[in-house]
Amino acid sequence: MRIRLTPQADPMWEIVGSLHRIQARDGGPALAQWRRKVRDNLSEVALLSSVRTLLNPLLPRARYFPDFLTPTASGDGLDSGIEAILDTPPSRVRTELEILRRHTGSAAGLDGLARGDLRSLRHLGRVVAGYHHAALADDWPAVESTVQNERAVLTHHLAAGGVEAMFAALPSGMRWRPPVLEVAYAAGDQELHLRGRGLTLIPSHFCRGTPITLADPDLPPVLVYPARRPPRRAPDPADPLTGLLGRTRAHLLRLIAAAPGCTTGQLATRTGVSASTVSEHTTILRRSGLIDSVRHTNLVMHRLTHNGALILQKRID
């Protein structure tokens, strides 16, 4: 009853994954090009040194990094995540940094945090926000697209067969053998007993290889894992759907097809246009009979109609 699937990309876990990709230098030419772009962006805003001396030592690609840097509140957005980090009790920061020191050795750039210095914690918040803006903002629509496509797969199985079907549909490296979810885990053999607390599944764009969980077994359990990536398509300048609907509405229709139940806010994030503009376009799509929309509290969620699916059928196969 307490199994959850995160509603959107989690910015702090994506920061962790992206920093690990920078440190690992894996992934071939596409990631190498992305690393160069990130390095140039960080240099432009004078954050490259802070990332190297603060974020990399805090979030090493290793068996341990501090849990306080990936708070549950981050699921509500970057600002909520940073606020939760700044509210971390100094005693917890010191304890987790001492564990980090035992795993990776000391780092001079972390001394202020280890002493519980409030200015150091605020500086960390500024660096995290700056890094997200410089390194991830341009790619955030792609990050959200990856996560929402993964959500669409899992919610389809959840609706068709319940939680067990959703667990059985998780990507390779995870196997559901009731009542145990077996996961190939980089940190070695361990057991995480949920004790009735449930589990939050967090598909991630930048997570690669094996899934990740929190180090402290007493924290609310999460499982961060590499989301399946949809095949990339080169834009077709002769796309008849774009000619019929316009580029933005055609793009919105494809996004709704890939993530049924997506909200106006999620569509705005993934397209890079304002929520009011998305609302105008979805109104036209709805009046044309291509989508249906339903309001729940303060959210408006969209899905394809039969006619919308027919018009897209030859374009999304």
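As the structure is a computational prediction, the values presented were derived from the model and not from experiment.

Novice: Quick question: what am I supposed to make of the sheet that holds strand S1 (residues 3–5) here?
Specialist: Two strands in a sheet stick together by hydrogen bonds in their backbones, pointing the same way (parallel) or opposite ways (antiparallel). Taken together, the three strands give an open sheet; going across it, the order is S1-S4-S5, and neighbouring strands pair in parallel fashion. Looking at the sheet topology across the chains shown, the edges are occupied by S1 and strand S5 (222–226). Direction aside, the axes of adjacent strands within the sheet are offset by 20° on average. Here strand S4 (residues 199–204) runs beside S5; their pairing, made up of five bridges, is parallel. Residue pairing in the sheet places leucine 201 in a bridge with leucine 223 of S5. The sheet strands contacting helix H8 (residues 140–168) are S1, S4 and S5, and the helix crosses S1 at an angle near 155°.

Novice: Whenever I open this one, the side chain of glutamate 14 confuses me. Can you help?
Specialist: Note that glutamate 14 resides in helix H1 (residues 11–24). Buried and unpaired, glutamate 14 has arginine 229 as its nearest opposite-charge partner, separated by 7.0 Å. Residues within four places of glutamate 14 in sequence aside, it is in contact with Ala9, Leu136, Trp140, Val143, Val147, Pro203, Ser204, His205 and Phe206.

Novice: Please explain the sheet that holds strand S8 (residues 299–304) as it appears in this structure.
Specialist: Read across the open sheet, the three strands follow the order S6-S8-S7; overall the sheet is antiparallel. Of all the strands in the sheet, the pair left with one neighbour each is strand S6 (262–263) and strand S7 (291–296). With six bridges joining them, S7 and S8 adopt antiparallel strand pairing. The partner of arginine 295 across the bridge, within S8, is valine 300.

Novice: In this structure, what is going on with the confidence of the model for the chain? I would like to understand it.
Specialist: Caution applies to low-pLDDT parts of the model: their predicted coordinates are not meant to be read in detail. Mean pLDDT for the chain: 88, with 95% of residues reaching 70 or above. Across the chain, the element-wise mean pLDDT spans from 75 in helix H13 (residues 306–316) up to 96 in S4.

Thresholds, definitions, all that
Residues numbered from 1 in each chain as written. Predicted model: local features only at pLDDT ≥ 70, side-chain atom pairs only at ≥ 80, totals over all residues. Heavy atoms only, no water. Pairing = 2+ DSSP bridges. Helix = DSSP H or I, 4+ residues; strand = E, 2+ residues; numbered from the N terminus. Axes fitted to C-alpha atoms, helices over the stretch in contact; angles between N-to-C directions. Contact = heavy atoms within 4.5 Å. Buried < 20%, exposed > 50% of the residue type's maximum accessible area, 1.4 Å probe, protein only. Lys, Arg positive; Asp, Glu negative; His and termini not counted. Salt bridge = Lys/Arg side-chain N within 4 Å of Asp/Glu carboxyl O. pLDDT = per-residue confidence, 0-100.

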